[in-house]
Amino acid sequence: MNERIAQARARLAAIEHAERNDPRLEPRYLTRAWIPDEPAAVAVLLLHGITNCPVQYDVLAPQLAARGHAVVVPRMPYHGYRDRMTTEIAALTAEDLEAAALRGLAIAALAGERVVALGISVGATQAGWLAARTTLDTAIAIAPFCGLKELYGGMNDAFGAALRTAPNRFLWWDPRLKTRQPPHHGYPRFSTHALGQALKISTDLGPVAGVHGRRVILTLNDNEPIVNNAFAARRFAELGAGGVAIETVTLHGLPKIHDIIEPVIPQARTDLVYPRLIELIESR
């Protein structure tokens, strides 16, 4: 077996072993990967959103693997639990998310010659964070969670700091649906502490001296209802000062929904979104 592939599979096996032996985790929601026998031309790291899990990519990832790409979909810490009402996610930190993204990237870098990191929401800010400090080729940041649409610019940084320091609360993503909130492989509510920690990654997006990625493709829904597209664009533009090429792709004609890649939400129109994402992944 190719030495790089052997290393990638060994690292993946260690993660899978730890996850399978954690009784809190739902076996269907764990880290998954498609690793070929030889390094692929492109390895894709897929980063799921907060309170979701790797199942979010169970339609897109096989499509990418069928096209010859290596694919790695890591589970983020405190995600993928059997108990959808778990309170443990309140312990999540920005450092937890960053470390998990780096572990996934290390496996992807062994499995492919060119690495593309794609994420949505918090996963998108993780992809940008990787572009600021690693040599990945491309980061595709879909609807990055840098702040809320209702808050002006830098007020989002203050909002994130307040969430991190105030007493934690659990709030429903949709107070009408509560536990019926899809997807059922995700949590129906969020921790305010975890949300504040997720926003902290946005504040770390600025350029880092030395190593950085080649480019970032900021991918926005022009009908975005939750995140602040303009502020995300300004925050990601800071990467340009560090030498990262910044491109912006705006998706038109999509519904007013934040999670435009979740396959179990019919409004997401993945039939329109996935072909465009595959095109971006394979672009140079």
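Preceding this paragraph is the structure being described.
These figures come from a predicted structure and were not determined experimentally. (Residues numbered from 1 in each chain as written. Predicted model: local features only at pLDDT ≥ 70, side-chain atom pairs only at ≥ 80, totals over all residues. Heavy atoms only, no water.)

Bringing the overall build of the protein chain into the picture now. Helix and strand counts for the protein chain stand at eight helices and nine strands. In summary, the protein chain has a C-alpha radius of gyration of 18 Å against a globular reference of 19 Å for 284 residues, a match within 12%. The C-alpha extent of the protein chain, read off along each of the three principal axes, is 50 × 45 × 35 Å. Evaluated residue by residue, the protein chain yields a buried proportion of 54% over its 284 residues. The long-range share in the protein chain, meaning contacts at least 24 apart out of those at least 6 apart in sequence, stands at 76%. By element, 56% of the accessible surface of the protein chain is carried by carbon and sulfur atoms, the whole surface being about 11,600 Å². Side chains of the protein chain carry 30 positive and 28 negative charges; the gap between the two charge centres is 3 Å. (Helix = DSSP H or I, 4+ residues; strand = E, 2+ residues; numbered from the N terminus. Rg over C-alpha atoms; globule rule 2.2 N^0.38 Å. Buried < 20%, exposed > 50% of the residue type's maximum accessible area, 1.4 Å probe, protein only. Contact = heavy atoms within 4.5 Å. Areas by Shrake-Rupley, 256 points an atom, 1.4 Å probe, with all protein chains shown as cover. Lys, Arg positive; Asp, Glu negative; His and termini not counted. Charge placed at Lys NZ, Arg CZ, Asp CG, Glu CD.)

What the rule picks out here adds up to one aromatic pair. Pairing Trp 173 with Phe 190 gives two aromatic rings, centres 4.5 Å apart and planes at 40°, and the pair type is tilted. Here the residue Trp 173 occupies a position in the loop between strand S6 (170-172) and strand S7 (189-191), and Phe 190 occupies one in strand S7, the gap between them amounting to 17 residues. Its guanidinium or amino end placed over the ring of Phe 170, Arg 189 lies 4.4 Å from that ring's centre, counting from NZ or CZ. (Phe/Tyr/Trp six-rings, centres within 6.5 Å; stacked < 30°, edge-to-face > 60°. Lys NZ or Arg CZ within 6 Å of the ring centre and 35° of its normal.)

What follows deals with the sheet that holds strand S1 (residues 32-34). Adjacent strands of a sheet form backbone hydrogen bonds with each other and so pair up, either parallel or antiparallel. Within the open sheet, the seven strands sit side by side as S1-S3-S2-S4-S5-S8-S9. Their pairing is mixed. Among the strands making up the open sheet, the edge pair consists of S1 and strand S9 (245-251). Strand-to-strand twist across the sheet, computed as the mean angle between neighbouring axes with direction ignored, equals 15°. With five bridges joining them, strand S5 (residues 138-142) and strand S8 (residues 215-221) adopt parallel strand pairing. Within the sheet, the bridge partner assigned to Ile 140 lies in S8 and is Ile 217. (Pairing = 2+ DSSP bridges. Axes fitted to C-alpha atoms, helices over the stretch in contact; angles between N-to-C directions.)

With respect to the element layout, Arg 189 can be found in strand S7. Although Arg 189 is buried, it forms no salt bridge, and the closest oppositely charged side chain is Asp 83 at an N-O distance of 6.8 Å. Within the local environment of Arg 189, its side chain forms a polar contact with the backbone oxygen of Met 85, the two atoms lying 2.8 Å apart. Excluding its chain neighbours within four sequence positions, the residues that come into contact with Arg 189 are Thr 51, Met 85, Thr 86, Thr 87, Phe 170, Leu 171, Trp 172 and Trp 173. (Salt bridge = Lys/Arg side-chain N within 4 Å of Asp/Glu carboxyl O. Polar contact = N/O pair within 3.5 Å; in protein donor to acceptor, adjacent residues only side chain to side chain.)

With that settled, consider helix H1 (residues 3-20). Helix length check: H1, at 18 residues, gives a terminal C-alpha distance of 25 Å against a target of 26 Å (1.5 Å per residue), a fit within 8%. Of the positions making up H1, those classed as buried are Ile 5, Ala 8, Leu 12 and Glu 19. Down the axis of H1, the buried set is contained in an arc of 65°. They therefore lie on one face. Here the buried face of H1 lies against S1 and helix H3 (94-111). By the N-cap criterion, in which a side-chain oxygen at the helix start approaches the backbone nitrogen of a residue two or three places on, H1 is capped by Asn 2, the distance to Arg 4 being 2.8 Å. (Expected span 1.5 Å × (residues − 1). Arc of directions from axis to C-beta.)

Moving on, we get to helix H5 (residues 155-165). Residues of H5 that are buried include every one of Asn 156, Gly 160 and Leu 163, and no others. Taken end-on, H5 shows its buried residues confined to a sector of 60°, consistent with a single buried face. Counted as exposed and oriented over 90 degrees from the buried face of H5: Ala 158 and Thr 165. Packed against the buried residues of H5 are helix H6 (192-203) and helix H7 (229-237).

Attention now moves to the nonpolar core. The biggest cluster of nonpolar side chains holds 88 residues, and the ones touching the most others in it are Leu 46, Tyr 57, Leu 130, Ile 142, Ile 260, Ile 261 and Leu 277. Contacts of Ile 260, omitting those with residues within four sequence positions, involve Ile 120, Ile 142, Asn 221, Leu 251, Leu 254, Ala 268, Thr 270 and Val 273. (Core = buried A, V, L, I, M, F, W, Y, C linked by side-chain atoms within 4.5 Å.)

With seven of its seven residues buried, S8 lies for the most part within the structure. Burial along S8 is two-sided: Arg 215, Ile 217, Thr 219 and Asn 221 and Val 216, Leu 218 and Leu 220, pointing in opposite directions, are all buried. Inspection of the sheet shows S8 paired to S9 by seven bridges, in the parallel sense. Within S9, the residue paired with Leu 220 across the bridge is Thr 250. Each parallel crossover has a hand, and for S8 linked through H7 to S9 it is right-handed. (Right-handed = clockwise from strand over helix to strand, strands pointing away.)

A separate point is unusual backbone geometry. The step from Pro 182 to Pro 183 runs through a cis peptide bond, and the omega angle for that step is 0°. Looking at the secondary structure, you find Pro 183 in the loop between S6 and S7. Residue Ser 121 is not a glycine yet carries a positive backbone phi of 60°. Along the chain, Ser 121 falls in the loop between strand S4 (112-120) and helix H4 (122-133). Judged by its relative accessible area of 10%, Ser 121 is buried.

That is the geometry; function is a separate question.
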